[in-house]
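# Geometric and topological summary
Take a look at the letters that make up each chain.
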Amino acid sequence: MCPASAETAACHCRAPLGSFERFCGILIEHFAAGSLQIISSLWLALEQIRILTVSEKFGEYGNAVLKKLQLSGLRASLDNRGEKIGAKIREGRLDLVPYLAVVGAKEAENGSVALRGRKEGELGELLVPSVLAEPIFFDRITSMTQCDLCPRQCTLSEGQTGICGVRTCRDGNVSLLSYGKTTGFAVDPIEKKPLNHFYPGSKILSFGSIGCNLSCQFCQNATTAQSRDLSLLTTSATPEDIVRLATQHHCESVAFTYNEPIISKEYVLDVAAACRSAGLKTVAVSNGFISEKCRSDFFDSMDAANIDLKSFSDTFYRDYCNGEIEPVKDTLRYLARSHTWLEVTTLLIPSLNDSDVEIDALCNWFSENLGREIPLHFSAFHPAHKLLTLPSTSAPTLHRAREIALSFDLCYVYTGNIDDPAGQTTYCPQCDQPVIIRHRFTIDEYKIDEESCCKYCGQTINGRFAES
Ligand code: SF4
């Protein structure tokens, strides 16, 4: 068992046969020998590596190492209790943790760990990046396959499922368990995604699956996005079925939404190709947490994307989403320069990411890196998933955030999840006249001409608008 500590990592989601795997692992542990034993003890271990701090003052460094190892797909935990290091090592051995990484003053200064293998004994001081590449971990595990779709880079053994819960290793390749299946469909106004500058007033066919490569404690779609239960995928749909459904319901576009579409890349790309051939547009509602290698492949197949920028703090991303912010910023920068239409949404959560300082920093970065003309939505949090005790975001908080963004000269700033006609209206950045007046998801007035210009002053309004 992991040591009881607030900083002890929860074990990552395992394949449904996790207990069977462990049963086999225990048998192999006792009866097998040689390299098979080493392999089994590592990949079957619920906890592959435990970081042990020499004293509590190295907790911060230990935590940084922990996050690095977890993001690399290792099932790691941290023991930062005030126990003597000898006792922690003994406990780690008793718990059958294959690798122990001791961190103290020298390691914190060098960016390293002192590594010990349960079978090999002391392995010496290793820099953290080299621990991740250490042959002990990966070279001996010849059957493992790496999923390179998102920054987690899960290393999967045959039959093992990645952290997102839908990608597994089959015959040495990564395969999508949820291909061709969905939790169901809905026809929405496109404003609900939210997209305010992409064919306003049109209808969009929305569908999603299960799983996610982040684990946000405030997930507003947790029943599917944080689930790993494949039986929730009750509807089968080929790409052609989806095109047919969208056409029948007079939708101009199809949205990959409700859970993270990146993790279903193969299915999403096939559906997107079928949509484009049929003249339908495609929209991804995504967390943007994707690897550099797969970013263009995925997003170039989309006509529009709404990316959740969950906060402007890497600590928040690590503590509340089990992720990191930099890949998301890279995705935003990529999309701002691409042909894919981009809008950005930040869910403001009381006391966690709604300070003036943080919103200020977000807007400053936004205007410098994405430009003034990309729409930014601040939307209201409602208690959900693991954050049930926080209050909903108040209207004044959303208004304040919008004011800050406008003070950075951002042209199109919206509030969402509340009744706020002014915060949901599009104003011309030149003459300040309301060019699209919305009430929630319906359009009351539309003053943009067929050339995408303001009907009052002729200023171009950034976006994709109907030509007639
Ligand atoms: S997409 Fe899933 S399996 Fe692939 S690296 Fe990310 S979390 Fe792991």
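The structure presented is a predicted model; accordingly, all values stated were derived computationally and were not measured. (Residues numbered from 1 in each chain as written. Predicted model: local features only at pLDDT ≥ 70, side-chain atom pairs only at ≥ 80, totals over all residues.)

### Description of the overall build of the chain
- Helix and strand content of the chain: 14 helices and 22 strands.
- Per-residue burial over the chain gives 45% buried out of 468 residues.
- Excluding contacts between residues fewer than 6 apart, the proportion of contacts in the chain whose partners are at least 24 apart in sequence is 65%. (Helix = DSSP H or I, 4+ residues; strand = E, 2+ residues; numbered from the N terminus. Buried ≥ 20, exposed ≤ 12 C-beta atoms within 10 Å, placed from the backbone. Contact = placed C-beta atoms within 7 Å.)

### Considering helix H11 (residues 314-321)
- All of the buried residues in H11 are Tyr317, Tyr320 and Cys321. Down the axis of H11, the buried side of the element spans an arc of 100°, and every buried residue falls inside it.
- Of the residues one or two after H11, asparagine 322 is the one with positive phi, at around 55°. (Arc of directions from axis to C-beta.)

### Brief notes about the environment of isoleucine 190
- Among the structural elements, isoleucine 190 can be located in the loop between strand E11 (184-189) and strand E12 (203-208).
- For the pair isoleucine 190 and valine 283, spaced 93 residues apart in the sequence, the C-alpha separation amounts to 9.6 Å.
- Beyond its immediate stretch of four places on either side in the chain, isoleucine 190 contacts Leu195, Phe198, Tyr199, Pro200, Ser202, Ile204 and Ser253.

### Thoughts on the sheet that holds strand E14 (residues 253-256)
- Read from one edge of the open sheet, 8 strands run E11-E12-E14-E15-E16-E17-E18-E19, paired in mixed fashion. Edge positions in the open sheet fall to E11 and strand E19 (413-416), since each of these has one partner strand only. Adjacent strand axes in the sheet meet at a mean angle of 25°, parallel and antiparallel pairs treated alike.
- Across 4 bridges, the pairing between strand E18 (residues 376-380) and E19 is parallel. When the sheet's bridge partners are listed, histidine 377 is paired in E19 with tyrosine 414. (Pairing = 2+ DSSP bridges. Axes fitted to C-alpha atoms, helices over the stretch in contact; angles between N-to-C directions.)

### What to know about the pairing of strand E22 (residues 442-446)
- The element E22 is barely covered by neighbouring structure, given that only 0 of its 5 residues are classed as buried.
- Of the pairings in the sheet, the one linking strand E21 (residues 434-439) to E22 comprises 4 bridges and is antiparallel in character. Opposite arginine 438, over in E22, you have isoleucine 443 as the bridge partner.
- Here E21 folds back onto E22, and the loop between the two strands holds 2 residues, one of which, arginine 440, carries a positive phi near 55°.

### Overview of the pairing of strand E2 (residues 76-79)
- Residues Ala76 and Leu78 line one face of E2 and the alternating positions Ser77 and Asp79 line the opposite face, and both faces are buried.
- Two strands pair when backbone bridges link them, and strand E1 (residues 49-53) and E2 are joined in this way by 4 bridges, in the parallel orientation. What sits directly across from leucine 52, in E2, is aspartate 79.

### A closer look at the nonpolar core
- Val254, Val271, Val283, Ala305 and Leu410 are the most contacted members of the largest nonpolar core, which totals 87 residues.
- Sorting elements by how many residues they give to this core places helix H9 (residues 265-277) first, with 6 residues.
- Those residues in contact with alanine 305, other than ones at most four positions away along the chain, are Val283, Ala284, Ser286, Phe299, Leu335, Thr340 and Leu342.
- With 20 residues, the next largest nonpolar core counts Leu66, Leu74, Val102 and Val103 among its residues. (Core = buried A, V, L, I, M, F, W, Y, C linked by C-beta atoms within 7 Å.)

### Describing unusual backbone geometry
- In this structure, proline 194 follows lysine 193 across a cis peptide bond, with omega equal to -5°.
- Along the chain, proline 194 turns up in the loop between E11 and E12.
- Even without a glycine there, the phi angle at aspartate 432 is positive, about 70°.
- Tracing the sequence through the fold places aspartate 432 in the loop between strand E20 (426-427) and E21.
- The class of aspartate 432 is exposed, set by 11 C-beta atoms lying within 10 Å.

### Section: the packing of helix H10 (residues 292-299) against helix H12 (residues 326-336)
- Their axes nearest at 11 Å, the elements H10 and H12 cross at an angle of 40°. As far as their axial angle goes, H12 and H10 are oblique. With respect to the hand of their crossing, H10 and H12 are arranged in right-handed fashion. For the pair H10 and H12, the contacting residues are Glu292, Arg295 and Phe299 in the first and Asp330, Thr331, Tyr334 and Leu335 in the second.
- A per-class count over the contact of H10 with H12 returns 3 nonpolar, 1 polar and 3 charged. (Parallel < 35°, antiparallel > 145°, perpendicular 65-115°, else oblique. Left-handed = near helix turned anticlockwise from the far one by under 90°. Nonpolar A, V, L, I, M, F, W, Y, C, P; charged D, E, K, R; others polar.)

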